Amino acid sequence: MAKALNLLWIRDLSFYDFGDILVCDCFYKDEAKIKIGAGMKKLDKLIIKAFLGPFVVTFFITLFVLIMQFLWKYIDDLVGKGLEMGIILKLLGYMSTQMVPLALPLAILLSSIMTFGNLGENFELVALKSAGISLMRFMQPLIILSGCIAILAFLFSNYVIPWANLHGDSLLYDIRNLKHGFNIKPGVFFNELEGYAIRVGDKAPDGKTIYHVVIYDRSVSTSDKLILAEKGIMEQSPNKRYVIFTLFNGWEYEERGFRPAVSNDFVRVHFHRFQKIFDLSSFAFTRTPIQLFAGSYQMLNVKQLNQAIDSIGLQLDDPGRRVKAEITPHYAFYAWKDTGWLAHAVPLPAHVHHFIETIPDSVLSYVLQRIQMNIEQDDNMVLQIAAQNYKDLSDSIRKHKIEWHRKFTLSFACMVLFLIGAPLGSIIRKGGLGTPLVFAVGFFVVYNVISTIGEKLARNGVVAPWLGMWLATMVLVPIAVFLVYKALNDSQLFNKEFYYRLGKQMRTSIRRFVRWMPLFKRFSLMNRNE
């Protein structure tokens, strides 16, 4: 058995359990005398191939779920606005790129648990350990692969995600500010056209013929118009930039002049056929220049964030200088600051201890009132503005530092979650999507909740930005070390039989203790009597 495992041709391994005997069905070639090194290369290919399949599948499934969550959140802003399919697909592409930092760690965690759980469930890990191959050696190719994924994740987070944030957020902003389509419902006032309120009593099945039309026209500030018609036809122009109402058998009422005026002209006109044209340019989809969003901290890479942090830090280093520059111009003596008057000033008498003693009594009250007014009004307002400016700069530099640390936490999260998932899968020894999915979702929820709490604490200034962003990693690293240690020592941490035997031993010990309790009491009474 050992010779077969040492010289096995590792390609497709299948193990069969016959009672206490484990049989390995493998390709074996005595003639080739395959060396262990070649076998290890085959083993590396086997484990990488077993990992990549679940990783790709779980990554795209997770990404799909996150995109559905985005659609559910913004469904009211997307439906009913006449958006082209290309714009919606472009938005979903940008949003799916932004969601990679959430989908990638979960995919690594779930696929690592599934891979090692399948190997443990099929007793392949047992056979490999019996051949002298340690778990760490078996994990080595996946550790290298996870390191490569972590490096790619950093590059993706540093270069691709800022680009996706810039284009995706600007596109979402324009979509959310876009008005809903020109859709008039019977019995409901339509107020999306600026200056107009339109109501139709009923609509024919063709969608064009309308009845009992009411139009309030406030497009001109100097007149109010009311148009009533029994019937009409609603059509769009060929270029779809205008909608044309052709009304029949109605009245037009107009009050000319400003409302506060006492005497205004009132005009009433009857018509058999009247045409009203409405401009639909406000319903057209227009793009805001993306340069307006380019300065946001979410649109910057590491180099740009460093420059922005240094620039904001220079403004925060000397707040007193800024306050002094804002306050001193409000005092009259500031105009004489650079005139050299102090060198030619008459020296004060010896008995004068304060400059206020030199002010005549006739104007002293007026001077003190002016001083108090400056302090309470101008200076107070200036200080409030300076304090608010300092607070805004502090919040801005915290956000920039949080975004800087976010670039690196994604890469480390991939490595830490792999070091949790791989030993966890070898311990639970369950493949498929059942048990691994439960454990993966549990650990990912813990990671996501701690990350969210740490980020909010850092944004509010409760903790330093580095501590808030690395809090989840610092919590999960000890768990990863503990699980790796347990997996290397073949721990029965999640084995039901282990806990069943432990409970049985505890019940037996409790029964023995209860059985000997009367003897202990009797022995203690005898000692007291003596």
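This write-up is about the structure you can find in this document.

Examining the overall build of the protein chain
In step 1: Secondary structure assignment for the protein chain yields 13 helices and seven strands.
In step 2: Across the 530 residues that make up the protein chain, the buried fraction comes to 35%.
In step 3: The long-range fraction of contacts in the protein chain, counting pairs at least 24 apart against all pairs at least 6 apart in sequence, stands at 68%.
In step 4: Looking at the protein chain as shown, the accessible area adds up to about 33000 Å², and 62% of this sits on carbon and sulfur atoms.

A look at the packing of helix H11 (residues 435–459) against helix H12 (residues 465–488)
In step 1: Relative orientation of the contacting elements H11 and H12 amounts to 155 degrees, with a least axis distance of 6 Å. Viewed along their axes, H11 and H12 adopt a mutual orientation that is roughly antiparallel. You can see that H11 and H12 cross each other, and the crossing is right-handed. Facing Phe443, Tyr447, Ile450, Ser451, Gly454, Glu455 and Ala458 of H11, the residues of H12 in contact are Pro465, Gly468, Met469, Leu471, Ala472, Val475, Leu476, Ile479 and Leu483.
In step 2: Split by residue class, the contact of H11 with H12 holds twelve nonpolar, three polar and one charged.

Focus on the pattern of salt bridges
Between side chains of opposite charge, pairing is possible as soon as their charged atoms come close.
In step 1: Summed over all chains, the structure comprises nine salt bridges.
In step 2: In this structure, Asp217 engages Lys276 in a salt bridge whose closest nitrogen and oxygen atoms are separated by 3.4 Å. On the criterion of sequence distance, the pair formed by Asp217 in strand S4 (residues 209–217) and Lys276 in strand S7 (residues 265–279) is long-range, its members being 59 residues apart. Here the two residues Asp217 and Lys276 agree in accessibility, since each one is buried.
In step 3: Note that Asp395 and Lys391 form a salt bridge whose closest N and O atoms lie 3.3 Å from each other. Note that Asp395 and Lys391 are positioned in helix H10 (residues 361–428) at a spacing of four residues, about one turn of the helix.
In step 4: By relative accessible area, Asp395 is classed as partly exposed at 21%.
In step 5: Salt bridges sharing partners connect three or more residues here, namely Glu403, Arg406, Lys407, Glu455 and Arg459.

Some words on the nonpolar core
In step 1: Judged by nonpolar contacts, the single largest core of 64 residues is most densely connected at Phe70, Leu91, Leu104, Leu109, Phe116, Phe138 and Ile420.
In step 2: In this structure Leu104 touches Phe55, Phe59, Ile149, Ala153 and Cys414, once residues within four positions along its chain are discounted.
In step 3: Tyr196, Ile198, Val200 and Ala229 belong to the second largest nonpolar core, which has 19 residues in total.

Considering the packing of helix H4 (residues 85–98) against helix H7 (residues 135–177)
In step 1: It is at 8 Å that the axes of H4 and H7 come closest, and there the two elements cross at 140 degrees. When the axes of H4 and H7 are compared, the pair comes out oblique. Judged by the twist between their axes, the crossing of H4 over H7 is left-handed. Here Ile87, Lys90, Leu91, Tyr94, Met95, Thr97 and Gln98 of H4 lie close against H7, whose contacting residues are Phe156, Val160, Ile161, Trp163, Ala164, Asn165, His167, Gly168, Asp169, Leu171, Leu172 and Ile175.
In step 2: Here the residues of the contact of H4 with H7 are counted per class, giving twelve nonpolar, five polar and two charged.

Considerations on the sheet that holds strand S3 (residues 196–203)
In step 1: With antiparallel pairing, the five strands of this open sheet are ordered in space as S3-S4-S5-S6-S7. Both outer strands of the open sheet, S3 and S7, are each paired with one neighbouring strand and no more. Pairs of neighbouring strands in the sheet enclose a mean axial angle of 20 degrees, with direction left out of account.
In step 2: Relative to strand S5 (residues 223–236), S4 is paired through eight bridges, and the arrangement is antiparallel. Across the sheet, Val214 pairs through a bridge with Leu228, a residue of S5.

A look at the packing of aromatic side chains
Here the distance between the centres and the angle between the planes together describe a pair of aromatic rings.
In step 1: Inspection of every chain in the model, using the stated rule, returns 16 aromatic pairs.
In step 2: For the ring pair Tyr196 and Phe278, a centre distance of 4.9 Å and an interplane angle of 85 degrees mean the geometry is edge-to-face. In this pair, Tyr196 is assigned in strand S3 and Phe278 in strand S7, connecting sequence segments 82 residues apart.
In step 3: Taking relative accessible area as the criterion, Phe278 reaches 2% and is therefore assigned buried.
In step 4: Measuring from centroid to centroid gives 5.3 Å for Phe271 and Phe274, while their planes differ by 40 degrees, and the two rings are tilted.

Notes on the pairing of S4
In step 1: Where S3 and S4 come together, seven bridges link them in antiparallel fashion. In the strand pairing of S4, Asp202 is matched with Tyr211.
In step 2: The hairpin turn running from S3 into S4, its antiparallel successor, is five residues long, and Gly207 in that turn takes a positive phi close to 80 degrees.

Reading guide: rules and limits
- Residues numbered from 1 in each chain as written.
- Predicted model: local features only at pLDDT ≥ 70, side-chain atom pairs only at ≥ 80, totals over all residues.
- Heavy atoms only, no water.
- Helix = DSSP H or I, 4+ residues; strand = E, 2+ residues; numbered from the N terminus.
- Buried < 20%, exposed > 50% of the residue type's maximum accessible area, 1.4 Å probe, protein only.
- Contact = heavy atoms within 4.5 Å.
- Areas by Shrake-Rupley, 256 points an atom, 1.4 Å probe, with all protein chains shown as cover.
- Axes fitted to C-alpha atoms, helices over the stretch in contact; angles between N-to-C directions.
- Parallel < 35°, antiparallel > 145°, perpendicular 65-115°, else oblique.
- Left-handed = near helix turned anticlockwise from the far one by under 90°.
- Nonpolar A, V, L, I, M, F, W, Y, C, P; charged D, E, K, R; others polar.
- Salt bridge = Lys/Arg side-chain N within 4 Å of Asp/Glu carboxyl O.
- Core = buried A, V, L, I, M, F, W, Y, C linked by side-chain atoms within 4.5 Å.
- Pairing = 2+ DSSP bridges.
- Phe/Tyr/Trp six-rings, centres within 6.5 Å; stacked < 30°, edge-to-face > 60°.

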